[in-house]
Every structure is written in C-alpha cells, then in structure tokens.
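# A look at the structure
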Amino acid sequence: MPRTTRLSSSLLRAAAVAGVAALTLTACGSGSGSSSAGSSGSGSGSVKVGLITKTDTNPFFVKMKEGAEKAAKENGAELSTAAGKFDGDNAGQVTALENMVAAGVKGILITPSDSKAIVPAIEKAKAKGVLVIALDTPTDPESAVDALFATDNLKAGELIGEYAKAAMKGKTAKIAALDLAPGVSVGVQRHNGFLKGFGATEKDVACAQDTGGDQSKGQTAMENCLQKEPGINVVYTINEPAALGAYTALKAKGREKDVLIVSVDGGCTGTRAVKDGKIAATSQQYPLKMAAEGVKAVVTYAKDGKKASGYTDTGVTLITDKAQDGVTSKDTAYGLENCWG
C-alpha cells in the first residue's frame, strides 16, 4: 500500500490491521502462532508503533505484547502487532515490516527470527525514517538496528553454569545440552555462557540436541541423550519448556531426582517449576520491560527526534530455592513476583 498523507487516520489504521494480519514467528524458543494484529491508543495524533514477535503463542512473547500494549496506552500511542507462524519465519517478518512501514508507523520493535536475513528489510525501513529497535534477539550485525533492548544472554548462561558447577560440588559432570537451533544468536550465547560459567568446553558435552525451545521436542531430545549416554547428570536447556520436556523424559526413567536441570527465561510457569523442584535454577529475564522501554523510545523519537541507540541491558536474575555459596541468587518468591515483569 503506498504511503499518502491524504488518507484519513481511520483508513490508515484499517490498512495497518489488514496488512499486518496477512503475516502470520520465538525469540527464545518455542511454539507456532497465527497472525495477530491490534491497536491501542486513540486519536489521529497518536504515534504509530509496530511490534513484531516470533510467535504469538509462546508465553514470553505474550508478556512482551502485554508490556507493549500497556506502554502504548500510557503514552497515547497506537500499537499494531504481528507474529509469525513458526520459529524462523523470516519471510513473515519481512512482510510485517513492509506492511507496517506502509501503514505509517514511526517505529518498529522486532524480535528477529533470522538475525542476518532480516537485515535488508530493516535497512529499507530505516531509510524511510522508521526507528527500528530489536528486542531480546540482536541482529547480525547488531548495528543493523538503531537500538537493542535485551537480556545479556551470555550472562544468563553464565549464571546457570556457575550455579550448576557449584551444585555439583566437585562431582564429575556428564552434560546434556538441549539447545535452540543452529545459528540463532540467543541460543548460541546462552549455550556458550553456560559452558563458560561451568568452566567446561564442547568436549565436556556428552550429548547436544536442538529443541526449538519446544517442550515436546525437549522431551524427545532428552530421551535421545539418555540413550546415547545413560549417565547424564547435568542438563542445560535453552528455555523452560525444553527443561520441562527433559524433566518428563527423566521422570519416565526414574532419574528426575538425580539429574540437575538448569535453564533460562524465568517465566511464571518456569519459576513455579523451580519452586516444585523440577528445575534446579533458572536465569530470569524481563520481556515486558523490553517492550515497554521500546514503545517509550519510539514515542520519544516521534516527539523530539531523539533516537534510542546502542544496547540496553534489561537485566537478568538467577532464581533458585537451593542457593549455592558464591553464586548470587533470589528465591522463587521473588521470581514469582517478578516473572517476566
């Protein structure tokens, strides 16, 4: 749809919804989603903001959308949202970017599914004066966007690696790594951070499997690893759905009590799993904050032309009820009060 200042605001909003609804993506992990589009805020003077997530079913992105909607309402902005059908739906994200730019958004918040492949579409949006901010997942190169609001995923991995090392108390570790997918920056950073925190290398990983951050795939991956190496006693997982899948597989073998599972995300369900003893510890991140800060940055840009820039660390906290000496952590009471806030 061509951009024109002669269209009424109601037509623009209708076009934005119709265009974005044609798109049907998981930052951290899992699920498949249908397209979604909506708006908040009112008035022809509203700043138009776009949010493109990886999927609309993953609770992580549900919380991110919640944060964006609340911030849009508080700041008098109009929000359009889109989500992909599956992890890796770069074509869907490209379509969403193009539709949102055509609809006249001032800024777009995006969790890139393919950190490299999305860059040309982002560059086209920026060339038309649209502020583009990555949430949760950096682009490759990171400088392709104006700014990044995200967890330090390397640090998140390091925290659970340090915790697992301390919890093992000198016992020989046989590690299973239930990863995301090849080449996805979030997964690579968390995996590498875990190894760094544990003081291990790839040679120390007895079994590595990709899960897409999906619970059922996590269960299958754990079953495969147990067949390959029955003595696995430490499990690193990309996120909590994968961790719960691993727990299910271990429980079926009567191993749930003697295998240490650590993860990343800190969602409410995952934090309850820590409280219930299914997961030993998780690194909690804050997608609601990422999205809220992103919306505020777009509104600021629209009002005074000031662009957000560089990387903003939105924080990470180790959550466990079995604290280890030398490893800073908070308990699940704190985790449940702040899960994805």
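Structure's up top.
Attention here is on the structure that accompanies the text. (Residues numbered from 1 in each chain as written. Predicted model: local features only at pLDDT ≥ 70, side-chain atom pairs only at ≥ 80, totals over all residues. Heavy atoms only, no water.)

We now examine the overall build of the protein chain. Within the protein chain, the secondary structure is distributed over 11 helices and 12 strands. Burial analysis of the protein chain (341 residues in total) assigns 55% to the buried set. Entry remark: accessible area of the protein chain is about 13900 Å², with carbon and sulfur atoms responsible for 49%. (Helix = DSSP H or I, 4+ residues; strand = E, 2+ residues; numbered from the N terminus. Buried < 20%, exposed > 50% of the residue type's maximum accessible area, 1.4 Å probe, protein only. Areas by Shrake-Rupley, 256 points an atom, 1.4 Å probe, with all protein chains shown as cover.)

The subject of this paragraph is the environment of alanine 297. Along the chain, alanine 297 falls in helix α10 (residues 287–304). For alanine 297, a relative accessible area of 12% puts it in the buried group. Linking alanine 297 and leucine 109, residues 188 residues apart in sequence, is a C-alpha distance of 10.0 Å.

Turning to the environment of alanine 164, a few remarks are in order. On the secondary structure map, alanine 164 appears in helix α5 (residues 153–168). For alanine 164, a relative accessible area of 0% translates into the label buried. Separated by 117 residues in sequence, alanine 164 and alanine 281 have C-alpha atoms that sit 8.4 Å apart. Those residues in contact with alanine 164, other than ones at most four positions away along the chain, are Phe194, Phe198, Val234, Leu260 and Val262. (Contact = heavy atoms within 4.5 Å.)

Spanning 13 residues, helix α8 (residues 240–252) covers 18 Å between terminal C-alpha atoms, matching the ideal 18 Å at 1.5 Å per step. Check the buried side of α8 and you find it contacts β6 (175–179), α7 (215–228), β8 (234–237), β9 (260–265), α9 (268–275) and β10 (281–284). By the N-cap criterion, in which a side-chain oxygen at the helix start approaches the backbone nitrogen of a residue two or three places on, α8 is capped by asparagine 239, the distance to alanine 242 being 3.1 Å. Downstream of α8 by a residue or two, glycine 254 has a phi angle that is positive, lying close to 70°. (Expected span 1.5 Å × (residues − 1). Polar contact = N/O pair within 3.5 Å; in protein donor to acceptor, adjacent residues only side chain to side chain.)

Together, Lys251, Lys257, Lys278 and Lys322 make up a region of like positive charge exposed at the surface. Positionally, lysine 257 belongs in the loop between α8 and β9. Taking the relative accessible area as the measure of exposure, lysine 257 reaches 76% and is therefore exposed. (Patch = residues over 30% accessible without salt bridge, like charges linked within 9 Å, V, L, I, M, F, W, Y side chains within 5 Å. Salt bridge = Lys/Arg side-chain N within 4 Å of Asp/Glu carboxyl O. Lys, Arg positive; Asp, Glu negative; His and termini not counted. Charge placed at Lys NZ, Arg CZ, Asp CG, Glu CD.)

As for its position among the elements, aspartate 136 is in the loop between β4 (131–135) and β5 (147–150). In this structure aspartate 136 is buried but unpaired, with arginine 190 as the nearest side chain of opposite charge at 4.4 Å.

Looking now at the packing of α5 against helix α6 (residues 185–198). Contact pair α5 / α6: the axes reach a minimum separation of 6 Å and the direction vectors enclose 35°. As for how α5 packs across α6, the hand of that crossing is right-handed. Across the interface between the two elements, Asn153, Leu154, Gly157, Glu158, Ile160, Gly161, Glu162, Ala164, Lys165 and Met168 of α5 pack against Val186, Gln189, Arg190, Asn192, Gly193, Phe194, Lys196, Gly197 and Phe198 of α6. Partitioning the contact of α5 with α6 into residue classes produces seven nonpolar, seven polar and five charged. (Axes fitted to C-alpha atoms, helices over the stretch in contact; angles between N-to-C directions. Left-handed = near helix turned anticlockwise from the far one by under 90°. Nonpolar A, V, L, I, M, F, W, Y, C, P; charged D, E, K, R; others polar.)

The sheet built from six strands is open, its strands ordered β2-β1-β3-β4-β5-β11 with parallel pairing. Only two strands of the sheet have a single partner each, and these edge strands are β2 (77–83) and β11 (310–313). With strand direction ignored, the average angle separating the axes of adjacent strands in the sheet is 20°. Taken together, the four bridges between strand β3 (residues 107–110) and β4 define a ladder with parallel strand orientation. Bridge assignment links isoleucine 108 to a residue of β4, and that residue is valine 132. Strand contacts of helix α3 (residues 90–102): β1 (47–53), β2 and β3, with the helix running at about 175° to β1, the strand carrying the most contacts. Sheet strands touched by α10: β1, β2, β3, β4 and β5. Its angle to β4, the strand with the most contacts, is close to 170°. (Pairing = 2+ DSSP bridges.)

The subject of this paragraph is the sheet that holds strand β12 (residues 317–319). Taken in spatial order, the six strands of this open sheet run β7-β6-β8-β9-β10-β12, and their pairing is mixed. Two strands lie at the open edges of the sheet, namely β7 (205–210) and β12, each paired on one side alone. Neighbour-to-neighbour, the strand axes of this sheet turn through a mean angle of 15°, independent of strand direction. As paired strands, β8 and β9 are joined by three bridges and run parallel to one another.

Contact pair α7 / α8: the axes reach a minimum separation of 7 Å and the direction vectors enclose 45°. It follows that α7 is oblique to α8 by the angle criterion. Seen along the crossing, α7 lies across α8 with a hand that is right-handed. Taking contact as the criterion, the partners of Gln215, Gly218, Gln219, Met222, Glu223 and Leu226 in α7 are, on α8, Pro241, Ala242, Leu244, Gly245, Ala246, Thr248, Ala249 and Leu250. Partitioning the contact of α7 with α8 into residue classes produces eight nonpolar, five polar and one charged. (Parallel < 35°, antiparallel > 145°, perpendicular 65-115°, else oblique.)

Of note, lysine 278 is situated in the loop between α9 and β10. Owing to a relative accessible area of 32%, lysine 278 belongs among the partly exposed residues under this scheme. In this structure, the C-alpha to C-alpha distance between lysine 278 and lysine 257, residues 21 residues apart in sequence, is 8.6 Å. Residues in contact with lysine 278, not counting those within four places in the same chain, are Leu244, Tyr247, Ile261 and Ala273.

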